[in-house]
Amino acid sequence: MTTAELADRFRGKSIVQPGEVATPGASSPRGGSVSPVHQGTWGLAPGRTLSVVGPPGFGLTRVGLAALADQSRLGPVAYLDVRGWLCPAAAWEVGIDARRLVVVRCDNPVPWARVAATLVSGLRAVIAEVPAGAKEAQLRKLAMLAKTHRTALVLRPVRGDIPTGVSYLRLEAVGVDWAGAGDGHGRLEGRRLRFQATGKGVRGMTTTVEFEDHGTDPLRVVSGLAIAPAGHAIG
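Residues numbered from 1 in each chain as written. Predicted model: local features only at pLDDT ≥ 70, side-chain atom pairs only at ≥ 80, totals over all residues. Heavy atoms only, no water.

**Some thoughts on the nonpolar core**
And step 1. Of all hydrophobic cores here, the largest spans 37 residues; its most connected members are Leu50, Leu65, Leu68, Val154, Leu171, Phe195 and Phe211.
And step 2. Not counting residues up to four positions away in its chain, the partners in contact with leucine 65 are Tyr79, Leu86, Ala90, Ala91, Val94, Ile96 and Ile127.
And step 3. In this structure, Ala78, Val82, Ala117 and Ala143 belong to the second largest nonpolar core, which totals 27 residues. (Core = buried A, V, L, I, M, F, W, Y, C linked by side-chain atoms within 4.5 Å. Buried < 20%, exposed > 50% of the residue type's maximum accessible area, 1.4 Å probe, protein only. Contact = heavy atoms within 4.5 Å.)

So, in structure tokens, the structure goes:
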């Protein structure tokens, strides 16, 4: 599928079906506005690749989506959904404009690389779940395409890791702490997500990054990523 054909499919769609592209017709509960991710606004700069790795339940999808929230002010943000698990509300809650969220479902590893390359070549921001069968050469090509087309790219492997050197910044989930359910009972109020950051985005060092996640509010960076000044993107 060419970029022009993909763009044509974006127009007038309101329902996501497997193998099709759609833009949600419902308005965001936050009015479609983009809320900043504090401490200072953090996000992924055009042309950079972020990888978020770890098991389900550690907030990887929300962190990846939050990195692209600012980009949704300027154009569509595509989510390449391999597992079929994405709930669009998760994107709206972290600040992605509901009118500009595009979901593409592709669970077949054979055409996955071609679909991902089409999205990266034609859109401003893409978060792609990576199937288990994806090859290293395909991932390196995607990162190069993102750099060439100045596309902010997030890679989220459904299993395993992303090869060294593909990502400008790599975030690996190392822990999650839940708040509000002491002694086995009570009301959950939120969670704190802990990631280990490596790569050029942290100047080759290893640092711990923590996010506060209250479910229906944008994520807050509460520690780490100190290289990104307030109001600026990583990269």
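**Structural notes on the pattern of salt bridges**
Pairing is possible between side chains of opposite charge, provided their charged atoms come close.
And step 1. As enumerated under the stated definition, the model contains 8 salt bridges in all.
And step 2. A salt bridge links arginine 73 to aspartate 70; its shortest N-O distance comes to 3.8 Å.
And step 3. Note on arginine 73: relative accessible area 47%, which makes it partly exposed.
And step 4. For aspartate 70, a relative accessible area of 25% gives the class partly exposed.
And step 5. Across the salt bridge formed by glutamate 129 and arginine 83, the nearest N and O atoms sit 3.0 Å from each other. Of this pair, glutamate 129 sits in strand S5 (residues 125-130) while arginine 83 is found in the loop between strand S3 (77-81) and helix H3 (88-93), placing the two residues 46 residues apart along the sequence.
And step 6. The network of salt bridges with shared partners includes Asp161, Arg170 and Glu172. (Salt bridge = Lys/Arg side-chain N within 4 Å of Asp/Glu carboxyl O. Helix = DSSP H or I, 4+ residues; strand = E, 2+ residues; numbered from the N terminus.)

**Side note on the pairing of strand S7 (residues 169-179)**
In summary, the side chains of a regular strand alternate between the two faces of the sheet.
And step 1. By the bridge criterion, 4 bridges tie strand S2 (residues 49-53) to S7 in an arrangement that is parallel. Across the sheet, residue valine 52 finds its bridge partner in S7, namely leucine 171.
And step 2. Alignment of S7 against strand S8 (residues 190-198), held across 9 bridges, turns out to be antiparallel. Its bridge partner being in S8, glutamate 172 is matched across the sheet by glutamine 196. (Pairing = 2+ DSSP bridges.)

**Brief notes about the packing of aromatic side chains**
And step 1. The tally for this structure, following the rule as stated, stands at 1 aromatic pair.
And step 2. Relative to phenylalanine 211, the ring of phenylalanine 195 has its centre 5.8 Å away and its plane inclined at 85°; by these criteria the two rings are edge-to-face. One end of the pair, phenylalanine 195, is in strand S8; the other, phenylalanine 211, is in strand S9 (residues 207-213), and 16 residues separate them in sequence. Here phenylalanine 195 matches phenylalanine 211 in class, with each residue buried.
And step 3. Over the ring of tyrosine 168 we find arginine 48; its NZ or CZ atom is 3.9 Å from the centre of that ring. (Phe/Tyr/Trp six-rings, centres within 6.5 Å; stacked < 30°, edge-to-face > 60°. Lys NZ or Arg CZ within 6 Å of the ring centre and 35° of its normal.)

From the geometry alone we can't say anything about function, so treat these as descriptive.
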